[in-house]
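Take a look at the letters that make up each chain.
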Amino acid sequence: MGRVTMSSSSACGDEEEEEQQQLVCVTGAGGFIGSWVVKELLQRGYLVRGTARNPEHGKNAHLLALDGAKERLTLCRADVLDSASLRAAFVGCHGVFHVASPVSNDPELVPVAVEGTRNVITAAADEGVRRVVFTSSYGAVHMDPNRSPDAVLDETCWSDYDFCKRSDNLYCCAKMMAEITATEVAAARGLQLAVVVPCITLGPMLQQTLNVSTHHILRYVMGTKRSIPNAVAAYVDIRDVARAHVLAYERPAARGRYLCIGTVLHRAQLVAMLRDLFPKYPVTAKCEDDGKPMVKPYRFSNQRLRDLGLEFTPLRESLYETVVCLQQKGHLPVIKQKQRACL
Ligand SMILES: NC(=O)c1ccc[n+]([C@@H]2O[C@H](COP(=O)([O-])OP(=O)(O)OC[C@H]3O[C@@H](n4cnc5c(N)ncnc54)[C@H](OP(=O)(O)O)[C@@H]3O)[C@@H](O)[C@H]2O)c1
């Protein structure tokens, strides 16, 4: 890790000891991805400032229990709609990881994602931050009904905004607009920007509360989701996503988008894997489109992240650990069964 000298002290506390260590800020530190980015940064020796709208809330307590947190993590109150709070959080930071965003199709939350991102990039530039890593989503990349089935999904692809809007995928609209805003504002302000583009992210949660992608798996193992769509989706492990953020930050030449996809498969294959790993849970096999031809998985490229040194975790491992974590955190009753030890 590069070392820099910090001259200013933090608005969020006395940070004399920041000297000689690199200070970075993670927005949305208490969320699923934010928590793992914080953990990865602490493991690599950074001084980390994490933002949350309510840092004292119990849902952020897991952060303070991370290895190295006592010595090198501070939590700071900031809302992405409040520029002054962001500037205070970024004082003295070399880098910012902008992870915070509503993960929702609620039309009222679209401006939070977009204006929030504009505020974050602007505040980072105002405070002299050098590099920003922005967390986009493959919702900004893959939602294009006119993409040829033979096309390889890569960093050049963008979702079709009008299609997303028509089909009520407002989260995808928000992430597209947020990513474009981040790119434009960073370019205008001379800020180095790398964009990590994760797909459906699975694996163990550090936080206690459920996030959207983990809830997606919970509904299948609980049996509350009674059928699967005739659809394919892309998946990646949370630890790979966290590593991708830090790799994109640490490579000085890393710029632009990094598609973070480990596997693309049909939902039927996903639920089959779940049934195989956890045969006692009532995981559905019924497809909504029974009788119609199954949608085929598309090809994708994660070469840019591989070139940075990222190795992807097999989906089977991520799925297994997602379910075990749901059991351990009390979201899923443990059914006594011979769970497959062999992944
Ligand atoms: N999980 C996935 O499958 C996935 C896939 C692709 C991309 N992503 C992206 O990854 C990021 C994190 O998602 P996640 O899955 O980790 O979701 P999450 O667990 O729900 O975390 C979302 C975070 O955003 C913060 N946030 C929401 N509104 C905010 C606001 N107005 N001001 C400040 N912070 C705000 C929340 O902080 P508070 O504690 O203050 O509520 C929370 O920490 C998002 O940008 C999402 O689009 C996620």
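Look a little higher up for the structure.
Because the structure is a prediction, the values reported are computed rather than measured.

Thresholds applied
- Residues numbered from 1 in each chain as written.
- Predicted model: local features only at pLDDT ≥ 70, side-chain atom pairs only at ≥ 80, totals over all residues.
- Core = buried A, V, L, I, M, F, W, Y, C linked by C-beta atoms within 7 Å.
- Buried ≥ 20, exposed ≤ 12 C-beta atoms within 10 Å, placed from the backbone.
- Helix = DSSP H or I, 4+ residues; strand = E, 2+ residues; numbered from the N terminus.
- Contact = placed C-beta atoms within 7 Å.
- Near = placed C-beta within 6 Å.
- Pairing = 2+ DSSP bridges.

## Focus on the nonpolar core
Item 1. Judged by nonpolar contacts, the single largest core of 101 residues is most densely connected at Val24, Phe90, Val96, Val196, Tyr258 and Cys260.
Item 2. A total of nine residues in this core trace back to one element, the largest contributor, which is helix α7 (residues 170–189).
Item 3. Those residues within four positions of tyrosine 258 in sequence are excluded, and the remaining contacts are Ala194, Val195, Val196, Val197, Ala244, Ala248, Arg304 and Leu305.

## Side note on the site of the ligand
Item 1. Around the ligand, the surrounding shell holds 27 residues, and the nearest of these are Gly28, Gly31, Arg53, Ser101 and Ser213.
Item 2. Elements with a contribution of two residues or more to the shell around the ligand: α1 (32–43), α5 (110–126), β8 (200–202) and α8 (212–222).
Item 3. Looking at the shell around the ligand element by element, the count peaks at three residues for α1.

## What about the pairing of strand β7 (residues 192–198)?
Item 1. Counting buried positions over the seven residues of β7 gives six, a clear majority of the element.
Item 2. In the sheet, strand β5 (residues 131–135) pairs with β7 via five bridges, with the strands oriented parallel. If you follow phenylalanine 134 over to β7, its bridge partner there is valine 195.
Item 3. In this sheet, strand β10 (residues 256–260) lies alongside β7 in parallel orientation, the contact comprising five bridges. Across the sheet, residue proline 198 finds its bridge partner in β10, namely cysteine 260.

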